[in-house]
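Here is what each chain is made of, one letter per residue.
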Amino acid sequence: MRALNSLLRDNIRLLTPYSSARSEFAGVASVYLDANESAYGSPVATAYNRYPDPLQRASKQKLAALRGVSPEQIFLGNGSDEAIDLLMRAFCDPGKDRIVISPPTFGMYSTAAHVQGVEVISVPLVEGFELDLSGMLEYSALPTKLMFVCSPNNPSGNLVQSDKIEELCRGIDGLVVLDEAYTDFCSDKSFVSRLEEFPNLVILQTFSKAWGLAGLRAGVAYASPEIISVLNRIKFPYNMSQAIQETLEKALDNTNYVESVVSKTLVERTRIADALSKFSFVSEVFPSDANFLLIRVADADRLYNDLLKRGIVVRNRTTQPLCQNCVRITIGTESENEMLLSALQELEADYG
Ligand SMILES: *Cc1c(COP(=O)(O)O)cnc(C)c1O
């Protein structure tokens, strides 16, 4: 890794951050007349008349305790999407720098790059959806600023071997962005406990999947305090509303709920994987460490449309590299999964 200062865009390194009222005075006072808020409450049952904590300290404290890191290693934002966008804007100069992705993978990495006019290099996964480490290392030097690795990967569902992630971190000039959106569903330990070993590692997690809060919009980036402070300097001052922060704090007090959702999901994942493999038009059920299954079928377009006619929507991934005739199916509740299986039974009869 190069020194963080030499990876940053010049304009970001030289930026004077916006100074909000709540960042200039973060203490406790009796009378707040500094932010031009209304002092008269709000026209709804909950009072939202005050600006929220720009650094979400209460939420971060709970999350830090849960994950065994310090609050200075945590960035919170409007979904992981916000962290992806901010990393792009902090480190990648339009028309000059580039990022590396390994398709088939999550679409936001390349979208966020293209929004900024940043070149995207694709080093596709190889057979078995494995990372092509040597292919990626060919781009180890600047101007490659960010390499995105998704583990477990969306849409394939498999974990990336941890020694490959380690080698990537050690071998490149820029940052490794490891997206662990599905980490709660998998057997391997998160890399969050290893941040100190890898100063150029940024880990993304989200409250959108196992935590059941996709509608809330809350995502996390874990990294060194130096990297986190860069993200904090360029984010919108109040990037997480009071409503979101309060809800997040409550969720972080209810980890039992999340654990029970995860264990139900894992039971269902095994059951559905087994059932899917028995249909004649299903040729492959890929192993999954996430809350979805990728399957290969005889005709993905046809299956997609036939399920849709029965009110069931899955994700057709057939146009993605290595995913010809593949569909991605999220694990639902037990009764939703039953509806899926009976629809597939009807189709088995039709296709026969
Ligand atoms: C769903 C998902 C996310 C979550 O994004 P949010 O913006 O936090 O909702 C991130 N990465 C991957 C790979 C995902 O599949």
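Please refer to the structure higher up on the page.
Definitions and limits used
Residues numbered from 1 in each chain as written. Predicted model: local features only at pLDDT ≥ 70, side-chain atom pairs only at ≥ 80, totals over all residues. Heavy atoms only, no water. Near = heavy atom within 4 Å. Polar contact = N/O pair within 3.5 Å; in protein donor to acceptor, adjacent residues only side chain to side chain. Areas by Shrake-Rupley, 256 points an atom, 1.4 Å probe, with all protein chains shown as cover. 1 Å grid on protein atoms, 1.4 Å probe; cavity = no way out; pocket = protein on both sides within 12 Å on 5 of 7 lines; lining within 4 Å. Sits in = over half its atoms within 2 Å of the grid points. Helix = DSSP H or I, 4+ residues; strand = E, 2+ residues; numbered from the N terminus. Nonpolar A, V, L, I, M, F, W, Y, C, P; charged D, E, K, R; others polar. Core = buried A, V, L, I, M, F, W, Y, C linked by side-chain atoms within 4.5 Å. Buried < 20%, exposed > 50% of the residue type's maximum accessible area, 1.4 Å probe, protein only. Contact = heavy atoms within 4.5 Å. Arc of directions from axis to C-beta. Pairing = 2+ DSSP bridges. Points joined across faces, edges and corners; volume = space filled by probe spheres on them. Axes fitted to C-alpha atoms, helices over the stretch in contact; angles between N-to-C directions.

Describe the site of the ligand, naming the residues involved and giving the relevant values.
The full set close to the ligand counts 14 residues, and Asp179, Tyr182, Thr206, Ser208 and Lys209 are the nearest of them. For the ligand, an oxygen atom lies 2.7 Å from a polar atom in the side chain of arginine 217. Burial of the ligand by the protein chains amounts to 93% of its free accessible area of 390 Å². With respect to the detected pockets, the ligand is housed in the largest pocket. Per-element tally for the shell around the ligand: the top contributor is helix H5 (residues 79-91), with three residues. Of the residues that constitute the shell around the ligand, the class distribution is five nonpolar, five polar and four charged.

Let's hear about the nonpolar core: which residues, and what values?
A general feature of soluble globular proteins is that nonpolar side chains tend to end up buried together. If you look at the biggest cluster of nonpolar residues, it comprises 52 residues, and the most contacted ones within it are Val149, Leu201, Phe207, Tyr222 and Leu248. At four residues, the largest contribution of residues to this core is made by helix H10 (residues 242-252). If we skip the residues at most four places from it in the chain, leucine 201 touches Cys169, Val176, Leu178, Phe191, Leu195, Tyr222 and Ala223. Core analysis: the next-biggest nonpolar cluster, separate from the first, contains 34 residues, Cys92, Val120, Phe148 and Leu175 among them.

Break down helix H4 (residues 57-67) for me, with residues and values.
Taken residue by residue, H4 has Ser59, Lys60, Leu63 and Ala64 as its buried positions. Take H4 and look down its axis: the buried residues cluster within an arc of 130°, on one side only. Exposed positions of H4 whose direction lies more than 90 degrees from the buried face are Gln61 and Ala65. Among the structural elements, strand S1 (74-77), strand S7 (219-222), helix H9 (225-234) and H10 are those in contact with the buried residues of H4. Two residues or fewer after H4 comes glycine 68, characterised by a positive phi angle close to 70°.

So what's going on with the pairing of S1? Which residues, and what values?
Of the two faces of S1, the one carrying Ile74 and Leu76 and the one carrying Phe75 and Gly77 are both buried. Two strands pair when backbone bridges link them, and S1 and S7 are joined in this way by four bridges, in the antiparallel orientation. In the strand pairing of S7, isoleucine 74 is matched with tyrosine 222.

Run through empty space enclosed by the protein, naming residues and quoting values.
For the coordinates displayed, the defined rule picks out three cavities of 30 Å³ or more. Counted as a void, the largest cavity has a volume near 80 Å³. In terms of lining residues, the largest cavity is bounded by 13 residues, among which Ser151, Leu159, Glu180, Lys189 and Phe191 are the most central. Split by residue class, the lining of the largest cavity holds six nonpolar, four polar and three charged. Here the second largest cavity defines a volume of roughly 60 Å³. Tallying contributions element by element places strand S4 (residues 144-150) first for the lining of the second largest cavity, with three residues.

Any details on the sheet that holds strand S9 (residues 292-297)? Residues and values, ideally.
Spatial ordering of the open sheet is given by S8-S9-S11-S10, a layout of four strands whose pairing is antiparallel. Sheet topology places strand S8 (282-285) and strand S10 (315-316) at the edges, where each strand pairs with a single neighbour. Across three bridges, S8 lies against S9 in antiparallel orientation. Residue pairing across strands places glutamate 284 opposite arginine 296, the latter belonging to S9.

Break down the sheet that holds strand S5 (residues 175-179) for me, with residues and values.
Strand order in the open sheet made by the seven strands is S1-S7-S6-S5-S4-S2-S3, with mixed pairing throughout. One side of each edge strand has no neighbouring strand; the edge strands of this open sheet are S1 and strand S3 (119-122). Neighbour to neighbour, the strand axes of the sheet diverge by 20° on average, direction disregarded. Summarising the sheet, S5 and strand S6 (residues 201-206) pair through four bridges and their orientation is parallel. Its bridge partner lying in S6, leucine 178 is registered against isoleucine 203. With respect to the sheet, H5 is in contact with S1, strand S2 (98-101), S4, S5, S6 and S7, its orientation differing from that of S4 by roughly 160°. Its contacts with the sheet place helix H6 (residues 108-115) against S2, S3, S4 and S5, and it is angled at close to 165° to S2.

Give a detailed account of unusual backbone geometry, specifying residues and quantitative values.
The step from leucine 142 to proline 143 runs through a cis peptide bond, and the omega angle for that step is 10°. Positionally, proline 143 belongs in the loop between helix H7 (133-137) and S4. The phi dihedral of asparagine 36 is positive, around 55°, even though this residue is not glycine. As for its placement among the helices and strands, asparagine 36 is situated in the loop between helix H3 (21-24) and H4. Take asparagine 36: its relative accessible area is 77%, and that puts it in the exposed class. In this structure, phenylalanine 129 takes a positive phi of about 55° despite not being glycine. On the secondary structure map, phenylalanine 129 appears in the loop between S3 and H7. In this structure phenylalanine 129 comes out as buried when scored by relative accessible area, which is 7%.

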